[in-house]
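Single-letter residue listing:
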Amino acid sequence: MNRIYLDYAATAPLRAEVADAMDACRDALWANPNSLHSEGRAAFAALEDARARTARALGAHGVSEIVFTSGGTESDNAALHGIVDAVMAHRRGSSAHVVVSAIEHHAVIEAASALASAGHEVTLVNPRQDGFIHPGDLACALRDDTVLVSVMMANNEVGTIQPVAELARLAHDCGALFHTDGVQMLGKAPVDLESSGVDAASFSAHKVGGPRGVGVLYLRRGTPFAAYQRGGGQESGKRSGTQDVLGAIGTACAFELAVTELDAEAARLCALRDRLAQRLADASERVRVVAPADGAGGHLPNIVTVCVENAESELLLMRMDAAGVAVSGGSACSSKSLAPSHVLTAMGVHRDLALGELRFSMGRETTEEDIERAAEAFSAALE
Ligand code: PLP
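Residues numbered from 1 in each chain as written. Predicted model: local features only at pLDDT ≥ 70, side-chain atom pairs only at ≥ 80, totals over all residues. Heavy atoms only, no water.

Considering the overall build of the chain
The helix and strand inventory of the chain stands at 13 helices and 14 strands. For 383 residues, the compact-globule estimate of 2.2 N^0.38 gives 21 Å, and the chain sits close to it at 21 Å. Overall size of the chain, expressed as C-alpha extent along the three principal axes, is 65 × 55 × 35 Å. Relative to its full complement of 383 residues, the chain shows a buried share of 57%. Considering only contacts in the chain between residues 6 or more positions apart, those separated by 24 or more positions represent 74%. Surface exposure of the chain reaches about 15800 Å², of which carbon and sulfur atoms provide 52%. Counting 32 positive and 49 negative side-chain charges, the chain places the centres of these two groups 3 Å from one another. (Helix = DSSP H or I, 4+ residues; strand = E, 2+ residues; numbered from the N terminus. Rg over C-alpha atoms; globule rule 2.2 N^0.38 Å. Buried < 20%, exposed > 50% of the residue type's maximum accessible area, 1.4 Å probe, protein only. Contact = heavy atoms within 4.5 Å. Areas by Shrake-Rupley, 256 points an atom, 1.4 Å probe, with all protein chains shown as cover. Lys, Arg positive; Asp, Glu negative; His and termini not counted. Charge placed at Lys NZ, Arg CZ, Asp CG, Glu CD.)

Some details on the packing of helix 2 (residues 38-58) against helix 8 (residues 245-260)
Contact geometry for helix 2 and helix 8: axes closest at 8 Å, N-to-C directions at 25 degrees. It follows that helix 2 is roughly parallel to helix 8 by the angle criterion. The handedness of the crossing between helix 2 and helix 8 comes out as left-handed. Where helix 2 approaches helix 8, its residues Ala43, Ala46, Leu47, Ala50, Arg53, Thr54, Ala57 and Leu58 are matched on the opposing element by Val245, Ala248, Ile249, Ala252, Cys253, Phe255, Glu256 and Val259. Per-class residue counts for the contact of helix 2 with helix 8 are 13 nonpolar, one polar and two charged. (Axes fitted to C-alpha atoms, helices over the stretch in contact; angles between N-to-C directions. Parallel < 35°, antiparallel > 145°, perpendicular 65-115°, else oblique. Left-handed = near helix turned anticlockwise from the far one by under 90°. Nonpolar A, V, L, I, M, F, W, Y, C, P; charged D, E, K, R; others polar.)

Notes on the site of the ligand
Near the ligand you find 13 residues, and of these Thr73, Asp181, Gln184, Ser204 and Lys207 are the closest. Note that an oxygen atom of the ligand is positioned 2.6 Å from one of the side-chain N or O atoms of threonine 73. For the ligand, an oxygen atom lies 3.4 Å from a polar atom in the side chain of histidine 105. Among the elements that line the shell around the ligand, the one with the most residues is helix 3 (residues 72-91), at three residues. Split by residue class, the shell around the ligand holds two nonpolar, eight polar and three charged. (Near = heavy atom within 4 Å. Polar contact = N/O pair within 3.5 Å; in protein donor to acceptor, adjacent residues only side chain to side chain.)

Observations regarding the packing of aromatic side chains
Inspection of the entire model under this criterion finds three aromatic pairs. Note on phenylalanine 203 and phenylalanine 255: the rings are 6.4 Å apart at their centroids and 70 degrees apart in plane angle, and the pair reads as edge-to-face. In this pair, phenylalanine 203 is assigned in strand 8 (residues 200-204) and phenylalanine 255 in helix 8, connecting sequence segments 52 residues apart. The same class applies to phenylalanine 203 as to phenylalanine 255, namely buried. (Phe/Tyr/Trp six-rings, centres within 6.5 Å; stacked < 30°, edge-to-face > 60°.)

Concerning the nonpolar core
Soluble globular proteins tend to pack their nonpolar side chains together in the buried interior. With 69 residues, the main nonpolar core has Leu58, Val149, Phe178, Leu193 and Phe203 as its most contacted residues. Counting residues per element, this core draws most heavily on helix 8, which supplies 10 residues. Sequence-distant contacts of valine 149, defined by excluding residues within four places in its chain, comprise Val99, Leu138, Leu142, Ala171, Ala176, Leu177, Phe178 and His179. Core analysis: the next-biggest nonpolar cluster, separate from the first, contains 27 residues, Ile4, Val306, Ala311 and Phe360 among them. (Core = buried A, V, L, I, M, F, W, Y, C linked by side-chain atoms within 4.5 Å.)

Looking at the environment of glycine 182
Mapping glycine 182 onto the fold places it in the loop between strand 7 (177-181) and helix 7 (193-196). Using a relative accessible area of 0% as the deciding quantity, one classes glycine 182 as buried. Residues glycine 182 and valine 216, spaced 34 residues apart in sequence, show a C-alpha to C-alpha distance of 10.0 Å. The contacts of glycine 182, once residues within four sequence positions are left out, are Met153, Ser202 and Phe203.

Some words on the sheet that holds strand 10 (residues 287-290)
Spatially, the three strands line up as an open sheet ordered 10-12-14, and their pairing is antiparallel. Taken across any chain shown, the strands that pair with only one partner, and hence form the sheet edges, are strand 10 and strand 14 (357-361). Between one strand axis and the next, the sheet turns by 25 degrees as a mean value, whatever way the strands run. Across the sheet, helix 10 (residues 313-322) lies against strand 12 (303-308) and strand 14, angled at about 40 degrees from strand 14, the strand it touches most. (Pairing = 2+ DSSP bridges.)

A word on helix 10
In an α-helix, one turn spans 3.6 residues; hence positions three or four apart end up facing the same way. Among the residues of helix 10, Ser313, Leu316, Leu317 and Met320 are the ones counted as buried. Around the axis of helix 10, the buried residues are gathered within 100 degrees of arc, so they sit on the same side. Buried-residue contacts for helix 10 involve strand 12, strand 13 (325-326), strand 14 and helix 13 (368-382). Trailing helix 10 by a residue or two, glycine 324 shows a phi angle of about 95 degrees, which is positive. (Arc of directions from axis to C-beta.)

Some details on helix 1 (residues 16-26)
Taken as a whole, helix 1 has its buried residues at Val18, Met22 and Cys25. Take helix 1 and look down its axis: the buried residues cluster within an arc of 65 degrees, on one side only. Opposite the buried face of helix 1, at more than 90 degrees from it, the exposed residues are Ala16, Asp20 and Ala24. Packed against the buried residues of helix 1 are helix 8.

Let's talk about the packing of helix 10 against helix 13
Contact geometry for helix 10 and helix 13: axes closest at 9 Å, N-to-C directions at 130 degrees. The angle between helix 10 and helix 13 falls in the class oblique. Helix 10 and helix 13 meet at a crossing whose hand is right-handed. When helix 10 is examined against helix 13, the residues Leu316, Arg319 and Met320 are found in contact with a partner set consisting of Ala374, Ala377, Phe378, Ala381 and Leu382. Partitioning the contact of helix 10 with helix 13 into residue classes produces seven nonpolar, no polar and one charged.

Structure, rendered in structure tokens:
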């Protein structure tokens, strides 16, 4: 029987349209886009075309706001370090106050922790039990000397969509800049960077069927930023290193497709998500759906996370795998550890329950039949 892949939040397969777009350019656009000869100029033109398409797909104001990176992790690290360094150089201070939500991806949490090790002060804002960062809680954490706030658009583990525009306004009212991790949001819910008011945002190509190892750092015009990666001054001095032209083309193509197909795909996935959540909850009284989509606030259409009482996430995951269903025990990068996830812990989920976490994340190729088979495999895995 075919395997069922329900780990799209970890990565999505490369889309055929993206592979075709990259293949079509492979032989013509291999030159260094920073070289001045004809081959180099052709590669540069293609890179800039990809940048313009990416900017449009994200609702950015212009191409100068788009920096190509090696992925979401680099974009997050560069945003936190690059903005704090630039602001502090301007203020000639040594210690900044930074606020991040406690449910950020490790790329943000670890970047913030490196800032703390370097002598800056970091405040973590916990979500409420429903998985949302409450604007009032952010307001309490903000100070006159807060330099930067980072709260993700949507959580990769439980799917909650944060009220980013409102949180960015609060940060701005205090004179702080606002970064958001939009890696899971793109293609699942609308992203319009210009109207969102954020100063910086991170995206990753492989989560939407683009190539692995390419990402985008959005820096609104005027956002102070000190290059995090230094060298030859590519990407307008914001990110040195010879650019991956084919990767940028693949990213532009994947982002455009994700945005064009968003409405239809989100509606389709919402129906699958609600059905899956119901089927998983019905499997046993030991099952609790975490941050259910019918709770307060918005929710990604493709993620259902459950916790099972008296169960071990890893064992459930392996039983599901043996039954032909690929799911994750929380976020992919922390799935090898037996500690409960920092997201569930911050939401106040009891450790014993959090240890039985399973995340089902759907994507373009997920069908109703997949959902039914996954629910059956889940019931069997609980026995
Ligand atoms: N941010 C979020 C919310 C993610 O889910 C991920 C990947 O899981 C990342 C950042 C890291 O992205 P990348 O794999 O492109 O480094």
